[in-house]
Amino acid sequence: QVELVESGGGLVQVGGSLRLSCAASGFTFSAYGMAWFRQASGKEREFVGAVWGSGTTFSADSVKGRFTISRDNAAKTVYLQMSSLEPEDTAVYYCAAGVVFGTRAPGQYKYWGQGTQVTVSA
């Protein structure tokens, strides 16, 4: 049974930091690209960043220089380190797993977690 379980969300002040984790099970973690998406209330789900088995990473322009995505294949966990948080970063953050290298399209990701809420207060 495939599971992706996010954790680490919460309430943080503007300029603060949070680290999200996503623990995976039930599939060959190292063979999948792992991504983070977010969805703000009333908006479409948007790509945040992804990291592939080789360590190659991709990030959305809106988070470059502030967010870092990484993975630990031994622990089957992907991380999203977020800093200099802004109110516009408020959203539910989802991790996802897929095999289409470099894709930023939600529909190309096969497995999804349930999401974790991040709220940035002004």
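As a reminder, the structure under discussion sits directly above these lines.
**Comments concerning the sheet that holds strand β1 (residues 3-7)**
Strand order across the open sheet formed by four strands is β1-β3-β8-β7, with antiparallel pairing between neighbours. On the outer flanks of this sheet lie β1 and β7 (67-72), each paired with one strand and no other. Neighbour to neighbour, the strand axes of the sheet diverge by 15 degrees on average, direction disregarded. Strand direction decides the pairing type here: strand β3 (residues 18-25) and strand β8 (residues 77-82), joined by six bridges, are antiparallel. In the strand pairing of β8, arginine 19 is matched with glutamine 81.

**As for the state of the cysteines**
Inspection of the entire model under this criterion finds one disulfide. The disulfide partner of cysteine 22 is cysteine 95, and the S-S distance across this bridge is 1.9 Å. Here cysteine 95 lies in strand β9 (residues 91-98) and cysteine 22 lies in strand β3, a separation of 73 residues in the sequence.

The rules we used
- The written sequence of each chain sets the order in which its residues are numbered from 1.
- The predicted origin of the model limits local features to residues at a pLDDT of at least 70 and limits the giving and counting of side-chain atom pairs to 80 or more, whereas totals for whole chains, interfaces and linings rest on all residues.
- Based on all heavy atoms of the structure, the side-chain values leave hydrogens and waters out of the count.
- DSSP calls a pair of strands paired once it identifies at least 2 bridges connecting them.
- Only DSSP runs of H or I covering at least 4 residues are called helices, and only runs of E covering at least 2 are called strands; the numbering of each starts at the N terminus.
- Lines fitted to the C-alpha atoms define the axes, with helices restricted to the stretch that makes contact. Angles between their N-to-C directions range from 0 to 180 degrees.
- Disulfides are defined as pairs of cysteine sulfur atoms found within 2.5 Å of each other.

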